[in-house]
Amino acid sequence: MTVKIVVQKFGGTSVNTRELREKAALKVQETQKEGFSPVVVVSAMGRKGAPYATDTLISLAREEFSNLDPRDLDLLLSCGEIISAVVMSQTLRRMGMKSVAFSGAQAGIITDNHFGDASILRVEPDRIKKYLDKGYVVVVAGFQGATEEGEITTLGRGGSDTTAVVLGIYLQADYVDIFTDVNGVFTADPRIVPEAQILQGLTYTEAAEMIQQGAKVIHHKAMNLAREYRIPLRVRSLSDEGKGTLICDISTLTKEGLRILSQEEPVYSIAYRRGLAQVRVNLGDSENGELKIFQSLAQEGISIDLVSLFPEGTAFVVDETVGSKVEEILRREGFEVNLTLPCAKVSLVGSDMADRPGVVAQLVEALKDANIEILQTGDSHITISCLVKSQDMERAIQVLHHKFRLEKAC
Ligand code: ADP
Ligand code: MG
């Protein structure tokens, strides 16, 4: 008999209180009743300030031991998810299910030795499978694994999403469920646009593009793996009886009635990325100035985005945290540099933008009417992005959402 598996990942805000954990356990039970073997992946309980949240453990390390080595830091950070796994597993047992909790290492997750941001090399799933065969719900601590030598590693921000998708790949799961604090993937972050609409079905390409442009509802590494291995994802919440968002192939979406061929709108969502700095450099009469600029930034390992080149200068965007370092490097090279921060990139994500005249005009009009300065723009065939000052970001998202009538989308 082949077992049908669903991996269900519960984010930090879905396992934070006893009441929520019991709700999560009911979702697991429902899945079992539907004939699936559930594998549960949990994040550490709660966000910053909660006693066992990842950020709390980081503060503990930083405040007392400013030089904690990366190996020990990972060992410390891995505890948040282990606590959560044990607590979740006990909750399942209290509700009458058979359950076992595993650390990432016990679950057979093997990573490289890049402490703090390790990559999963492979999974040895036999131990998980043995328990599934005996009817257990296996609860795995997200965000972690171990090297071949048995050193504990963590996977970086959003790592539990990656744990869930990778287990989905190795266990050949029918679905990976991502339970979070919103009911699915929306036309824009519902915290910023209350009238945002849930997107019931997205192709891997569409979801990956939104996430690439900053929609943090799933971590980009996890999204890219799901896309590559064709693992269907369902983004859901504990408080909603709806189906959430299904991310899969277009053929499945069509079969499920979630896609009609003529439905394509030029823009289906708005994503954003905060914490950016705009760098404008005057090239003066420097020979090959632009080349020198990009080479020296590459040498320092600094990634750049939204690059615009003109005969007299260049403008581009970097992470806010490296803004002053970039300024220093370029001044040292003799360039005149202007830094604007904090900035945010707001992106319209859609399809075939290049074939749709007027999208840029609408964007400029909406922001102008709202008195929002556009610092820079950039585009691809499926996105148009603009850079604005951070203080204008939320309003920019709101007016663009309205301008493209996304509150009427479905
Ligand atoms: P978790 O702790 O469950 O992993 P995250 O905070 O990583 O949750 O991701 C969920 C958050 O993603 C939501 O609270 C929401 O603010 C944000 N988000 C950003 N863009 C979107 C979007 N387009 N649709 C839904 N949520 C979004
Ligand atoms: Mg997350």
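Parameters at a glance
- Residues numbered from 1 in each chain as written.
- Chains lettered and ligands numbered in written order.
- Predicted model: local features only at pLDDT ≥ 70, side-chain atom pairs only at ≥ 80, totals over all residues.
- Heavy atoms only, no water.
- Pairing = 2+ DSSP bridges.
- Helix = DSSP H or I, 4+ residues; strand = E, 2+ residues; numbered from the N terminus.
- Axes fitted to C-alpha atoms, helices over the stretch in contact; angles between N-to-C directions.
- Contact = heavy atoms within 4.5 Å.
- Domains from an automatic or database assignment.
- Buried area = accessible area lost by both parts, 1.4 Å probe.
- Core = buried A, V, L, I, M, F, W, Y, C linked by side-chain atoms within 4.5 Å.
- Buried < 20%, exposed > 50% of the residue type's maximum accessible area, 1.4 Å probe, protein only.
- Near = heavy atom within 4 Å.
- Polar contact = N/O pair within 3.5 Å; in protein donor to acceptor, adjacent residues only side chain to side chain.
- Areas by Shrake-Rupley, 256 points an atom, 1.4 Å probe, with all protein chains shown as cover.
- Nonpolar A, V, L, I, M, F, W, Y, C, P; charged D, E, K, R; others polar.
- Right-handed = clockwise from strand over helix to strand, strands pointing away.
- Parallel < 35°, antiparallel > 145°, perpendicular 65-115°, else oblique.
- Left-handed = near helix turned anticlockwise from the far one by under 90°.
- Salt bridge = Lys/Arg side-chain N within 4 Å of Asp/Glu carboxyl O.
- Expected span 1.5 Å × (residues − 1).
- Bend = angle between axes of the 7 residues up to and from the residue.

### A few points about the sheet that holds strand S15 (residues 313–319)
Then comes step 1: If you walk across this open sheet you meet the six strands as S14-S15-S13-S16-S18-S17, and the pairing is antiparallel. At either end of the open sheet lies a strand with only one pairing partner, and these are strand S14 (305–310) and strand S17 (376–379). Pairs of neighbouring strands in the sheet enclose a mean axial angle of 30°, with direction left out of account.
Then comes step 2: Pairing geometry for strand S16 (residues 336–350) and strand S18 (residues 383–389), over seven bridges, is antiparallel. Its bridge partner being in S18, Val349 is matched across the sheet by Thr383.
Then comes step 3: Helix H6 (residues 204–212) rests against strand S13 (267–282), S16 and S18 of the sheet, and its axis sits at about 35° to S13.
Then comes step 4: In this fold helix H11 (residues 359–369) packs onto S13, S16 and S18, with an angle of close to 20° to the strand it touches most, S18.

### With respect to the domain arrangement of the protein chain
Then comes step 1: Examined at the domain level, the protein chain breaks down into domain 1 (5–262) and domain 2 (268–408).
Then comes step 2: In this assembly, 19 residues from domain 1 lie in contact with 20 residues from domain 2.
Then comes step 3: Approximately 1,500 Å² of surface area, both sides summed, lies buried where domain 1 meets domain 2, with 59% of it carried by carbon and sulfur atoms.
Then comes step 4: The largest contributions to the domain 1 side of the interface with domain 2 come from Thr187, Ile192 and Gln213, which together make up 41% of the buried area.

### Topic: the nonpolar core
Then comes step 1: Ranked by internal contacts, the top residues of the largest apolar core, which has 48 residues, are Val7, Val39, Ile128, Val140, Leu167, Met223 and Ile247.
Then comes step 2: Residues lining this core come from more than one domain, with at least three contributed by each of domain 1 (5–262) and domain 2 (268–408).
Then comes step 3: In this structure Ile247 touches Val185, Leu202, Thr203, Tyr204, Ala207, Ile218, Met223, Ile231, Pro232, Leu233 and Val235, once residues within four positions along its chain are discounted.
Then comes step 4: Formed by 28 residues, the second largest nonpolar core is a distinct cluster that contains Ala196, Leu363, Ala370 and Ala396.

### Let's talk about the side chain of His401
Then comes step 1: If you trace the backbone, His401 turns up in helix H12 (residues 390–403).
Then comes step 2: Residue class for His401 comes out buried when judged on its relative accessible area of 1%.

### Here's the deal with the sheet that holds strand S2 (residues 37–42)
Then comes step 1: Strand order in the open sheet made by the eight strands is S3-S6-S2-S1-S9-S11-S12-S10, with mixed pairing throughout. If you trace the sheet from one side to the other, it starts and ends with strand S3 (99–102) and strand S10 (201–203), each paired once. For this sheet, the mean angle separating the axes of adjacent strands, direction not counted, is 20°.
Then comes step 2: Bridging between strand S1 (residues 5–10) and S2 involves six bridges; their strand directions are parallel. Each residue of the ladder has a partner; that of Lys9, found in S2, is Val41.

### Topic: the site of ligand 1
Then comes step 1: Arg47, Thr180, Asp181, Asp189 and Arg191 are the nearest of the 19 residues found near ligand 1.
Then comes step 2: Residue Asp181 places a side-chain N or O atom 2.8 Å away from an oxygen atom belonging to ligand 1.
Then comes step 3: Isolated, ligand 1 exposes 580 Å² of accessible area, and the fraction of that covered by the protein chains is 91%.
Then comes step 4: Of the residues in the shell around ligand 1, the class split is nine nonpolar, four polar and six charged.

### Side note on the pairing of S2
Then comes step 1: Summarising burial for S2: six of the six residues are buried, a large majority.
Then comes step 2: The side-chain alternation of S2 yields two buried faces, one formed by Ser37, Val39 and Val41 and the other by Pro38, Val40 and Val42.
Then comes step 3: For the handedness criterion, the β-α-β arrangement of S1, helix H1 (residues 18–33) and S2 is classed as right-handed.

### Things to note about the packing of H6 against helix H7 (residues 220–229)
Between two packed helices, both the angle of their axes relative to each other and the distance between the axes serve to describe the pair.
Then comes step 1: In the contact formed by H6 and H7, the axes pass within 10 Å of each other and the chain directions differ by 165°. Between H6 and H7, the interaxial angle falls into the category roughly antiparallel. The handedness of the crossing between H6 and H7 is left-handed. Residues Tyr204, Thr205, Ala207, Ala208 and Ile211 of H6 form the contact with H7, whose participating residues are His220, Met223, Asn224, Ala226 and Arg227.
Then comes step 2: In terms of residue class, the contact of H6 with H7 is built from six nonpolar, three polar and one charged.

### A short note on the pattern of salt bridges
Then comes step 1: Summed over all chains, the structure comprises 22 salt bridges.
Then comes step 2: Taking the shortest distance from any N to any O, the salt bridge between Asp181 and Arg47 comes out at 3.5 Å. Of the two residues, Asp181 is situated in the loop between strand S9 (175–180) and S10 and Arg47 in the loop between S2 and helix H2 (54–64); the sequence distance between them amounts to 134 residues.
Then comes step 3: Here Arg47 falls in the partly exposed class, since its relative accessible area comes to 47%.
Then comes step 4: Across the pair Lys389 and Glu373 runs a salt bridge, and its minimum N-O distance is 3.2 Å. Of this pair, Lys389 sits in strand S18 while Glu373 is found in the loop between H11 and S17, placing the two residues 16 residues apart along the sequence.

### Things to note about the side chain of Thr111
Then comes step 1: Along the chain, the position of Thr111 falls in strand S4 (residues 109–111).
Then comes step 2: Polar contacts involving the side chain of Thr111 include one to the side chain of Thr153, which spans 2.7 Å.
Then comes step 3: Setting aside its immediate chain neighbours within four residues, Thr111 contacts Ala118, Ser119, Ile120, Leu121, Gly145, Ala146, Thr147, Glu148, Thr153 and Leu155.

### Quick word on helix H3 (residues 70–94)
Three or four residues apart is the spacing at which side chains of an α-helix point the same way, because the helix has 3.6 residues per turn.
Then comes step 1: For H3, which comprises 25 residues, the first-to-last C-alpha distance of 37 Å matches the rise-based estimate of 36 Å (1.5 Å per residue) to within 8%.
Then comes step 2: Helix geometry: H3 is bent most strongly at Gly80, by close to 25°.
Then comes step 3: Within the span of H3, buried status applies to Leu73, Asp74, Leu77, Ser78, Gly80, Glu81, Ser84, Ala85, Met88, Ser89, Thr91 and Leu92.
Then comes step 4: Capping the start of H3 is the job of one residue whose side-chain oxygen sits 3.0 Å from the backbone nitrogen of Arg71: Asp69.
Then comes step 5: Within two residues after H3, Gly96 carries a phi angle of roughly 95°, on the positive side.

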